[in-house]
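So the chains spell out like this:
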Amino acid sequence: MSRPGIAVAYRWELRKLAAQKRTYLGLAGMALLPLIFTVTVVIDGGEVEGALFGRVSETGLATPLVLLFFGSAFLFPLAAALVAGDIVATEDHHGTLTTILTRSIDRGPLFGAKALAAITYGLLALALFAVVAVAAGVAAWGLHPLTSLSGTEIAVPRALGLIAGAIVAYLVPLITVVSIAVLLSTVARNSAAAVVGTLLIVVLMQIVAGIPGTEAVRPYMLPEQFDAWQGLLRDPIDWAPIWHAAWVSLLYAAPCLIAAAAVFGRRDVAGG
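Residues numbered from 1 in each chain as written. Predicted model: local features only at pLDDT ≥ 70, side-chain atom pairs only at ≥ 80, totals over all residues. Heavy atoms only, no water.

### Looking at the overall build of the protein chain
Then, number 1: Counting its secondary structure elements, the protein chain contains 11 helices and 2 strands.
Then, number 2: Scanning the protein chain from its N terminus toward the C terminus, one meets helices and strands in the order α-α-α-α-α-α-α-β-β-α-α-α-α.
Then, number 3: Counting only residues that meet the buried cut, the protein chain has 46% of its 272 residues in that class.
Then, number 4: Sequence-distant contacts, at least 24 apart, represent 78% of the contacts inside the protein chain between residues at least 6 apart. (Helix = DSSP H or I, 4+ residues; strand = E, 2+ residues; numbered from the N terminus. Buried < 20%, exposed > 50% of the residue type's maximum accessible area, 1.4 Å probe, protein only. Contact = heavy atoms within 4.5 Å.)

Here you go:
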């Protein structure tokens, strides 16, 4: 009798994520963030400090972009790491991984399904954030054209498309964060260690990128890729940082996933 493939395992993983409180904790945070931001800015008079998006009150479409700018380096990686860092370690900790691997499915499809489920969660969290942010922003400040980073006006339909594109562009380096968390979850076998370790790596990279004399390596540091989506908000669109972020993120993500798969494949589940 043939064992289930990656498609079946992927559905299993999604159902398991849907049954975990940790999943909804991250999603709740992603939904509450734009709501809290909008209420706070309205109470404060409708302005946000900073030259990048100082005109947030001119249109609700600026809300997701403002929050993506301020939350890209830590808040969204945290939400992604909460699930990705737990995806392997929790079953390892509770001993259910042994049963699954010895009775249900081969290791390769199972690991692939777990990685895909973690990435799917990251996409879902970003999509939820964007929808709530647009809805909250439009409710507070209306649906009006957006001003690009180049100072030109962007019509509402195109602005909505660019917001979706910005979310997709940001998802690329976020997948790298997921990959790091999956690796640590597989190696450490401890959810807390994997989540904290992932965030520590991101923060350390930010610190290194800010040290004088590191200008040569700064474009290849992961935190620099979190801002690549801003190229979509220029007129004309600047694709260079987006393509750069894509291949740099791949250089981080691929080795992490390959290493995690190798460790997972050699895991002695019988011996712990």
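### Some details on the nonpolar core
Then, number 1: In this structure, Leu-126, Phe-129, Leu-146, Tyr-170, Val-182 and Trp-229 are the most contacted members of the largest nonpolar core, which totals 65 residues.
Then, number 2: When residues of this core are traced back to their parent elements, those giving at least two are α1 (6-18), α2 (21-44), α3 (63-71), α4 (75-84), α7 (107-141), α8 (156-188), α9 (191-209) and α11 (240-265).
Then, number 3: When residues in this core are grouped by element, the largest group, 16 residues, is from α8.
Then, number 4: In contact with Val-182, not counting residues within four places along its chain, are Ala-84, Ile-87, Phe-111, Ala-118 and Ala-260. (Core = buried A, V, L, I, M, F, W, Y, C linked by side-chain atoms within 4.5 Å.)

### With respect to the packing of aromatic side chains
Then, number 1: Counted according to the given criterion, the structure contains 6 aromatic pairs.
Then, number 2: On the numbers, 4.9 Å between centres and 55° between planes, the contact of Phe-76 with Phe-129 is tilted. Here Phe-76 is found in helix α4, whereas its partner Phe-129 is found in helix α7, with 53 residues between them in sequence. Across this residue pair, the class does not change: Phe-76 and Phe-129 are buried.
Then, number 3: Through a chain of ring-to-ring contacts, the aromatic side chains of Phe-76, Phe-129, Tyr-170 and Phe-226 assemble into a single cluster. (Phe/Tyr/Trp six-rings, centres within 6.5 Å; stacked < 30°, edge-to-face > 60°.)

### Describing unusual backbone geometry
Then, number 1: The linkage connecting Asp-235 with the following residue, Pro-236, adopts the cis geometry, with an omega of 0°.
Then, number 2: Turning to its location among the elements, Pro-236 is positioned in the loop between α10 (222-225) and α11.
Then, number 3: Residue Arg-189 is not a glycine yet carries a positive backbone phi of 60°.
Then, number 4: For Arg-189, the location among the structural elements is in the loop between α8 and α9.
Then, number 5: Classification of Arg-189 by relative accessible area gives partly exposed; the value is 29%.

### Observations concerning the pattern of salt bridges
Then, number 1: Scanning the model with the defined rule gives 4 salt bridges in all.
Then, number 2: Ionic pairing is found between Glu-13 and Lys-16, a salt bridge with its closest N-O pair at 2.8 Å. With Glu-13 and Lys-16 both in helix α1 and 3 residues apart, the pair spans about one turn of that helix.
Then, number 3: Residue classification places Lys-16 among the partly exposed residues on the basis of a relative accessible area of 25%.
Then, number 4: Linking Arg-22 and Asp-86 is a salt bridge whose minimum nitrogen-to-oxygen distance equals 3.7 Å. In this pair, Arg-22 is assigned in helix α2 and Asp-86 in the loop between α4 and α5 (89-94), connecting sequence segments 64 residues apart.
Then, number 5: Given the relative accessible area of 29%, Arg-22 is considered partly exposed.
Then, number 6: The exposure class assigned to Asp-86 is buried, which follows from its relative accessible area of 6%. (Salt bridge = Lys/Arg side-chain N within 4 Å of Asp/Glu carboxyl O.)

### Some thoughts on a nonpolar patch on the surface
Then, number 1: A cluster of nonpolar side chains, namely Leu-200, Leu-204, Ile-207, Val-208 and Ile-211, defines an oily patch on the protein surface of about 420 Å² accessible area.
Then, number 2: Among the secondary structure elements, Leu-200 is positioned in helix α9. (Patch = residues over 30% accessible without salt bridge, like charges linked within 9 Å, V, L, I, M, F, W, Y side chains within 5 Å. Areas by Shrake-Rupley, 256 points an atom, 1.4 Å probe, with all protein chains shown as cover.)

### Section: the packing of α3 against α7
Then, number 1: Between α3 and α7, the least distance of the axes is 8 Å, while the angle of their chain directions is 130°. The pairing of α3 with α7 is recorded here as oblique in orientation. The residues of α7 that touch α3, namely those facing Thr-63, Pro-64, Leu-67 and Leu-68, are Phe-129, Ala-133, Val-134, Gly-137 and Trp-141.
Then, number 2: Its residues placed into classes, the contact of α3 with α7 shows 7 nonpolar, 2 polar and no charged. (Axes fitted to C-alpha atoms, helices over the stretch in contact; angles between N-to-C directions. Parallel < 35°, antiparallel > 145°, perpendicular 65-115°, else oblique. Nonpolar A, V, L, I, M, F, W, Y, C, P; charged D, E, K, R; others polar.)

### Considering the environment of Ala-117
Then, number 1: Mapping Ala-117 onto the fold places it in helix α7.
Then, number 2: Its relative accessible area of 0% is what places Ala-117 among the buried residues.
Then, number 3: Along the backbone, Ala-117 and Tyr-10 are 107 residues apart, and their C-alpha atoms lie at a distance of 6.4 Å.
Then, number 4: Residues contacting Ala-117, with those up to four places away along its chain left out, are Tyr-10, Glu-13, Leu-14, Leu-17 and Ile-87.

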